[in-house]
Amino acid sequence: GRRRQLPSTSPTDRQGGIVDTDDRFHDRLAEEYSAITRIVSEFDGRLIVIKGWSVTLSLALIGLAFQQDHAALFALAALTGACFWTIEALIKRHQVRYYPRMRQIEVWSAKTAGIVIDGTPASAPRIDAAWTAAGQSQPATALQRTPREMTDQEITRMRRNVLWLPHVFLPSAVAVALGLLLSVLAVVGVLDMPL
């Protein structure tokens, strides 16, 4: 394969010198990126299963509460929804820990590609950077920029906020709110059901 010296922004060896690279380096990056995207997709599959169980059990408990005329099952439905919401948030936290490395691989690939198309630096892969660019106020302009690595603050905020992401808290939060509302209505006597 062809060998070339990387620019000063390239990875360094343990002695701080610039690393020579060739196609094998890019192949290894591509292999790792592929493995990470597969792992992230597998997490998504697990999260869908958790959502399904959350809805099924919570709504079944609410229906059973009406059928059995027993208001305590409303609170159990809320508790079940809260447990599944917590489990989903914990799994999502594990999943997002792979995102910084995905972005780092994208950045390294971009910095070592050396390809420009119509004045725009071109590289692959760019899945995470493109997804992030699509959410900005000027997505086409953002997509033309070279990807950048995530900052410590961005990584920390991403991990910290997973509990409050709509695709994490829905539908479990609805089951929690409905279960609590029906419990309160039963306690104050609006619903004529024994506790």
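Whatever comes next refers back to the structure up there.
1. Comments concerning the packing of aromatic side chains
Argument step 1. Summed over the entire model, instances satisfying the criterion amount to five aromatic pairs.
Argument step 2. Their ring planes at 25 degrees and their centres at 6.4 Å tell us that F25 and W108 sit as a pair that is stacked. Pair noted here: F25 is in helix α1 (residues 23-68) and W108 is in helix α3 (residues 99-113), with a separation of 83 residues, a long-range link.
Argument step 3. A relative accessible area of 22% places W108 in the partly exposed class.
Argument step 4. Centre to centre, the rings of F43 and Y98 are 6.2 Å apart; their planes meet at 50 degrees, and the pair counts as tilted. Here F43 is found in helix α1, whereas its partner Y98 is found in the loop between α2 (72-96) and α3, with 55 residues between them in sequence.

2. Focus on α3
Argument step 1. Given a rise of 1.5 Å per residue, 15 residues ought to cover 21 Å, and the 21 Å separating the end C-alpha atoms of α3 matches this to within 8%.
Argument step 2. Listing the buried residues of α3 in full gives Y99, P100, M102, R103, I105, E106, V107, S109, A110 and T112.
Argument step 3. Among the residues trailing α3, G114 stands out with phi positive, at a value near 65 degrees.

3. Thoughts on the environment of I62
Argument step 1. Relative to the elements of secondary structure, I62 occurs in helix α1.
Argument step 2. Given a relative accessible area of 8%, I62 falls into the buried group.
Argument step 3. Setting aside residues no more than four positions away along its own chain, I62 makes contact with F74, A77, L178, G179 and L182.

4. Quick notes on the pattern of salt bridges
Argument step 1. Applying the stated criterion across every chain yields a total of four salt bridges.
Argument step 2. R101 serves as the salt-bridge partner of E32, at 2.7 Å between the closest nitrogen and oxygen. Separated by 69 residues along the polypeptide, E32 in helix α1 and R101 in helix α3 bring together distant segments of the chain.
Argument step 3. Classification of E32 by relative accessible area gives partly exposed; the value is 31%.
Argument step 4. A salt bridge links R103 to D128; the shortest N-O distance between them is 2.9 Å.

Procedures and definitions
- Residues numbered from 1 in each chain as written.
- Predicted model: local features only at pLDDT ≥ 70, side-chain atom pairs only at ≥ 80, totals over all residues.
- Heavy atoms only, no water.
- Phe/Tyr/Trp six-rings, centres within 6.5 Å; stacked < 30°, edge-to-face > 60°.
- Helix = DSSP H or I, 4+ residues; strand = E, 2+ residues; numbered from the N terminus.
- Buried < 20%, exposed > 50% of the residue type's maximum accessible area, 1.4 Å probe, protein only.
- Expected span 1.5 Å × (residues − 1).
- Contact = heavy atoms within 4.5 Å.
- Salt bridge = Lys/Arg side-chain N within 4 Å of Asp/Glu carboxyl O.

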